[in-house]
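Listed below, chain by chain, are the residues.
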Amino acid sequence: MVVSAQQRRPVVVLYERIVDAIHAGTYPPGSTLPSEPKLAAELGVSRPALREALLLLQEDGLLSVRRGVGRTVNDGPPRRGFEHIQPLEELIGAGAPVRVRALLRTVEEPTDFTTQHLLAPARAELRFWESLLAADGTAAALSQEWAAAEDVLERAHPGFAAALRQLAPGRADAAGPRGAGAPDADRTSMLAVLTGASRGVPLSAHSTVTATLVGLRRGEQLGRPADTPAVLVTQVVRVGETPVMAAKHMLPTGAAALPVLQSN
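Bear in mind the structure is a predicted one, so any value in this text is a computation, not a measurement.

**Details of the sheet that holds strand β7 (residues 229-239)**
Argument step 1. The antiparallel open sheet is built from six strands, whose spatial order is β3-β4-β5-β8-β7-β6. Only two strands of the sheet have a single partner each, and these edge strands are β3 (98-108) and β6 (203-213). Direction aside, the axes of adjacent strands within the sheet are offset by 15° on average.
Argument step 2. Here helix α7 (residues 158-166) sits on the sheet in contact with β4 (126-135), β5 (138-147) and β8 (242-252), set at roughly 75° to β4.

Right under this line is the structure:
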């Protein structure tokens with residue numbers, strides 16, 4: 001979801017300004033950032049807002065803090081967004097086993113979100129998967145994933161369409177053999193199905209990252225208080241210019257970290 005700077009939290013806008021400065025070479029890899037007072041003055045922002053943005057940058061792996069040195073820019077800093085097309089369960093947990101548990105596997109009509117990101121027409125039928133990801137027994141993320149309409153997938157990515165049909169709830173052969181290593185819809189994410197069906201198919205992705213709170217419903221699903229801070233990643237995957245999947249990934253604080261937030 002692409003939103004204007006005015007619609008985003010100031011700390012997110014500030015985060016992106018610093019990321020842009022890093023990639024532009026203003027703060028090159030290995031360099032030490034100016035002190036907080038000086039950097040706040042250079043950017044024209046308050047120190048509390050700057051401190052929050054710097055903390056997010058540190059958590060995302062762009063900065064390191066060394067005693068007596070200050071904040072330094074890491075070598076090969078991650079690129080902005082969540083463009084690395086890799087299943088979330090493979091990214092979180094820093095190598096710890098991650099379990100995907102299906103909360104919902106259904107078909108639904110377009111919402112404002114899917115109309116905007118998948119260009120879904122009214123009354124289209126879209127596959128919707130909601131999953132809880134857990135690492136070390138702790139809920140690490142809540143994912144909501146939508147596939148484009150069947151006719152769109154048949155034109156843009158028939159392999160993905162076929163893989164989703166094979167995993168559709170209620171299929172007579174859904175529990176039957178699907179070949180070695182074939183996924184189970186209740187224990188995998190839609191993005192994992194997409195990447196598994198995309199050998200030789202060039203994919204691209206775009207995303208935004210927003211700081212938020214988990215809220216009441218998602219807090220209950222994640223086992224967290226409603227006011228728990230979280231990162232919300234909105235992701236759209238395309239084949240050429242055609243969006244084939246859209247997702248929202250909510251990652252609360254205190255869960256397994258995302259060690260990779262980058263493109264290849």
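**Quick word on the pattern of salt bridges**
Argument step 1. Under the definition given, this model contains eight salt bridges.
Argument step 2. Measuring nitrogen to oxygen at the nearest pair gives 3.2 Å for the salt bridge that ties E130 to R217. Of this pair, E130 sits in strand β4 while R217 sits in helix α9 (residues 216-222), placing them 87 residues apart in sequence.
Argument step 3. A residue is classified by how much of its surface remains accessible, and E130, at 3% relative accessible area, is buried.
Argument step 4. As a salt-bridge pair, E150 and R165 come within 2.5 Å of each other at their nearest N and O atoms. Of this pair, E150 sits in helix α6 (residues 150-156) while R165 is found in helix α7, placing the two residues 15 residues apart along the sequence.
Argument step 5. Each of E36, R47, R51 and R71 takes part in a single network of salt bridges with overlapping partners.

**Describing the packing of helix α1 (residues 10-24) against helix α3 (residues 47-59)**
Argument step 1. Across the interface, α1 lies against α3 with an axial gap of 9 Å and an inter-helix angle of 60°. When the axis of α1 is compared with that of α3, the two are oblique. The hand of the α1/α3 crossing is right-handed. On the side of α1, the interface is formed by V11, L14, Y15, I18 and V19, while α3 contributes A49, L50, E52, A53, L54, L56 and L57.

**Describing unusual backbone geometry**
Argument step 1. Positive phi values are uncommon outside glycine, yet L119 reaches one of about 55°.
Argument step 2. As for its placement among the helices and strands, L119 is situated in the loop between α5 (112-118) and β4.
Argument step 3. Here the phi dihedral of R123 falls at roughly 70°; this positive angle occurs in a residue that is not glycine.
Argument step 4. Relative to the helices and strands, R123 is located in the loop between α5 and β4.
Argument step 5. According to the relative accessible area criterion, R123 is exposed, its value standing at 73%.

**Section: the confidence of the model for the protein**
Argument step 1. Here the protein shows a mean pLDDT of 81. Residues at 70 or above account for 82%.
Argument step 2. Averaged pLDDT values for the elements of the protein fall to 80 in α1 and rise to 95 in α6.
Argument step 3. Predicted confidence is poor over residues 79-83, with pLDDT under 50, and the contacts of this stretch with residues over four places away or in other chains come to 26 contacts.
Argument step 4. With pLDDT under 50 throughout, residues 171-182 is counted as low confidence; its partners more than four residues away or in other chains account for 10 contacts.

**Re α7**
Argument step 1. Burial in α7 covers these residues: F160, A161 and L164. Around the axis of α7, the buried residues are gathered within 100° of arc, so they sit on the same side.
Argument step 2. On its buried face, α7 is in contact with β4, β5, α6, α8 (190-196) and β8.

**Regarding the packing of aromatic side chains**
Argument step 1. All chains considered together, the criterion is met by two aromatic pairs.
Argument step 2. Ring centres of F113 and W146 lie 5.0 Å apart, and the angle between their planes is 45°; this geometry places the pair in the tilted category. Here F113, found in helix α5, pairs with W146, found in strand β5; they are 33 residues apart in sequence, far enough to count as distant.
Argument step 3. Through a chain of ring-to-ring contacts, three or more aromatic side chains come together here, namely F113, F128 and W146.

Calculation rules
As a convention, each chain's residues are numbered from 1 in the sequence order in which they are written. Given that this is a predicted model, residues contribute local features only at a pLDDT of at least 70 and side-chain atom pairs are listed and counted only at 80 or more, while totals for whole chains, interfaces and linings are drawn from all residues. Only hydrogens and water are set aside; all other atoms, that is, all heavy atoms of the structure, feed into the side-chain values. Any two strands with at least two DSSP-identified bridges between them are counted as paired. Helix and strand assignments come from DSSP, with helices taken as H or I runs of at least 4 residues and strands as E runs of at least 2, each series counted from the N terminus. Lines fitted to the C-alpha atoms define the axes, with helices restricted to the stretch that makes contact. Angles between their N-to-C directions range from 0 to 180 degrees. In what follows, residue pairs with any heavy atoms lying within 4.5 Å of each other are defined as contacts. Here, a salt bridge means any side-chain nitrogen of Lys or Arg that lies within 4 Å of a carboxyl oxygen of Asp or Glu. Each residue is placed in one exposure class: buried if its accessible area under a 1.4 Å probe, protein chains only, is under 20% of its type's maximum, exposed if it is over 50%, and partly exposed if it falls in between. Here the word oblique covers every angle except those under 35 degrees (roughly parallel), over 145 (roughly antiparallel) and from 65 to 115 (roughly perpendicular). Crossing chirality is assigned from the near helix's rotation relative to the far helix, an anticlockwise turn below a right angle marking it left-handed and a clockwise turn marking it right-handed. The predictor rates its confidence in each residue with pLDDT, a number between 0 and 100. Starting at the helix axis, one direction is taken to each C-beta atom, and the arc is that of these directions. Classification of ring pairs rests on two measures: the distance between centres of Phe, Tyr or Trp rings, Trp counted by its six-membered ring, which must be within 6.5 Å, and the angle between planes, read as stacked under 30 degrees, edge-to-face over 60 and tilted in between.

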